[in-house]
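# An overview of the molecular structure
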Amino acid sequence: MTSEPILHHFDASPFSEKVRLLFGLKGLTWRSVDIPSMLPKPDYVPLTGGYRRTPSMQIGADIYCDTQVILAEIEARWPEPRAVRGGLDWAVNLWADRLFFGATVPIIFGVLGDKVPEAFIKDREAMSGRPFDTAAMKAASKPLEQQWRGEAAWIEDQLAQTGTGWLQGDKPGLADIAAYMNVWFLGNALPGKVETLTPGMPRLADWRKAVAGIGHGKKVTMSSTEALAVARGSDPAPPLKHDANDPLGLEPGAKVVVMADDYGRDPVAGTLVAATPRSITIAREDPAVGQVNVHFPRAGFFVVPG
Ligand SMILES: N[C@@H](CCC(=O)N[C@@H](CS)C(=O)NCC(=O)O)C(=O)O
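The structure reproduced in this document is the subject of the present report. Everything numeric in this text was worked out from a predicted model, so none of it was measured.

Rules behind the numbers
Residues numbered from 1 in each chain as written. Predicted model: local features only at pLDDT ≥ 70, side-chain atom pairs only at ≥ 80, totals over all residues. Heavy atoms only, no water. Helix = DSSP H or I, 4+ residues; strand = E, 2+ residues; numbered from the N terminus. Rg over C-alpha atoms; globule rule 2.2 N^0.38 Å. Buried < 20%, exposed > 50% of the residue type's maximum accessible area, 1.4 Å probe, protein only. Contact = heavy atoms within 4.5 Å. Lys, Arg positive; Asp, Glu negative; His and termini not counted. Charge placed at Lys NZ, Arg CZ, Asp CG, Glu CD. 1 Å grid on protein atoms, 1.4 Å probe; cavity = no way out; pocket = protein on both sides within 12 Å on 5 of 7 lines; lining within 4 Å. Points joined across faces, edges and corners; volume = space filled by probe spheres on them. Nonpolar A, V, L, I, M, F, W, Y, C, P; charged D, E, K, R; others polar. Domains from an automatic or database assignment. Phe/Tyr/Trp six-rings, centres within 6.5 Å; stacked < 30°, edge-to-face > 60°. Lys NZ or Arg CZ within 6 Å of the ring centre and 35° of its normal.

## Section: the overall build of the chain
In terms of regular secondary structure, the chain is built from 10 helices and 10 strands. On C-alpha atoms alone, the chain measures out to a radius of gyration of 19 Å, which is about the 19 Å that the 2.2 N^0.38 rule sets for 306 residues. Summarising its shape, the C-alpha atoms of the chain cover approximately 55 × 45 × 40 Å along the three principal directions. A buried classification covers 52% of the 306 residues belonging to the chain. Once local pairs closer than 6 in sequence are excluded, the contacts in the chain between residues at least 24 apart make up 69%. Distance between charge centroids for the chain: 2 Å, based on 32 positive and 35 negative side chains.

## Quick notes on unusual backbone geometry
Following Leu39, the chain continues into Pro40 via a peptide bond in cis, with omega recorded as 5°. Position of Pro40 among the secondary structure elements: in the loop between β2 (29-34) and α2 (45-48). Phi is positive for Asp66, close to 90°, though the residue is something other than glycine. Relative to the assigned elements, Asp66 resides in the loop between β4 (62-65) and α3 (67-77). By relative accessible area, which is 12% here, Asp66 ends up buried.

## Regarding the layout of surface pockets
To find the voids left in a structure, one rolls a probe of water-molecule size over its atoms. Approximately 1,200 Å³ is the volume attributed to the largest pocket. Every residue lining the largest pocket is counted, 44 residues in all, and those nearest its centre are Phe101, Val105, Arg124, Met127 and Tyr263. Of all the elements in the fold, those that place two or more residues in the lining of the largest pocket are α1 (14-26), α3, α4 (87-112), α5 (118-128) and α7 (174-189). Sort the elements by how many residues they give to the lining of the largest pocket and α4 lands first, with 10 residues. Of the residues in the lining of the largest pocket, the class split is 24 nonpolar, nine polar and 11 charged. In this structure, the lining of the largest pocket is formed jointly by two domains, domain 1 (6-80 + 219-305) and domain 2 (87-212), each of which donates at least three residues. Forming the walls of the second largest pocket are 22 residues, and the residues nearest its centre are Ala72, Glu73, Leu240, Arg278 and Ser279. Broken down by secondary-structure element, the contributors of at least two residues to the lining of the second largest pocket are β4, α3, α4 and β8 (279-286).

## Topic: the packing of aromatic side chains
For the structure on display, the rule yields 13 aromatic pairs. Plain terms: the ring middles of Tyr51 and Phe296 are 6.0 Å apart, the flat faces sit at 70° to each other, and that makes the pair edge-to-face. Taken as a pair, Tyr51 in the loop between α2 and β3 (56-59) and Phe296 in strand β9 (residues 290-297) lie far apart in primary sequence, 245 residues in all. Of the two residues examined, Tyr51 and Phe296, each falls in the buried class. Pairing Tyr180 with Trp207 gives two aromatic rings, centres 6.0 Å apart and planes at 80°, and the pair type is edge-to-face. Of this pair, Tyr180 sits in helix α7 while Trp207 sits in helix α9 (residues 202-212); the two residues are 27 residues apart in sequence, bridging distant segments of the chain. Given the relative accessible area of 1%, Trp207 is considered buried. Seen from the ring of Tyr263, Arg53 lies directly overhead, with NZ or CZ sitting 4.9 Å from the centre.

These figures come from the coordinates and say nothing about function on their own.
Below is the structure:
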């Protein structure tokens, strides 16, 4: 039974690229399970309990949903070389996931929208609860390009500040990986676009090459059925200590429902194992996976009594 991290992802997923790069930074060997980029995901949701977004990371019978807890868990289990230098790295991560990503998506789909299959559009409309309006994205593209350049300028400024080629200290870390996600996504989807939006930002150009050079560590392919078997054959890791000062006032054993607060809000129901200021762990059972613990971040998620 493998205790290596199993990443459930697909190649074009920008959020997954953050995790792949952290595997690279840590020099890890990891298992790669390719999942569909839209529903249905029949071998995936039994692990997560209904969470459908990409990626999640599985270690045995522990499932980490959302890159915030995935990256934190990798750092906790494989602390060397250090990637997280402090709380500010997480603030950069959430900025990159939300504001910077929010500018990146319409720029990409304003151009590619007409080529996107109807099934993908329907899937993303159901996931966000909003129309996937490619005409609106096209119209928003120019205003967002100038915003995107503004956000890229912060990367350039920080690189000028450190003078090391990295955003924090003299080695690559979480801030680099998080900020890079949007540069990678835009560059991959619209070749040449990053260059068009970043003239006069030479440090960013060098940094982009350096972050790409971190690589992905050693990827070993695994099938989705093997991953389900790993979960069935494993016990969840000992939980974190429950925070008695948690503002929800819930005790371990309480029935709860956890969901994202932005899009892909599919509720995941389970029994509270531990709540900390940074993560919440719930236990669930499913015939396909047995007993699993599923972990979510606190920032960016809702928890309600179930
Ligand atoms: N906050 C989440 C966002 C993840 C996200 O939006 N992922 C995209 C793909 S990169 C997604 O879930 N798309 C729908 C899907 O894959 O079903 C995280 O950090 O993991």
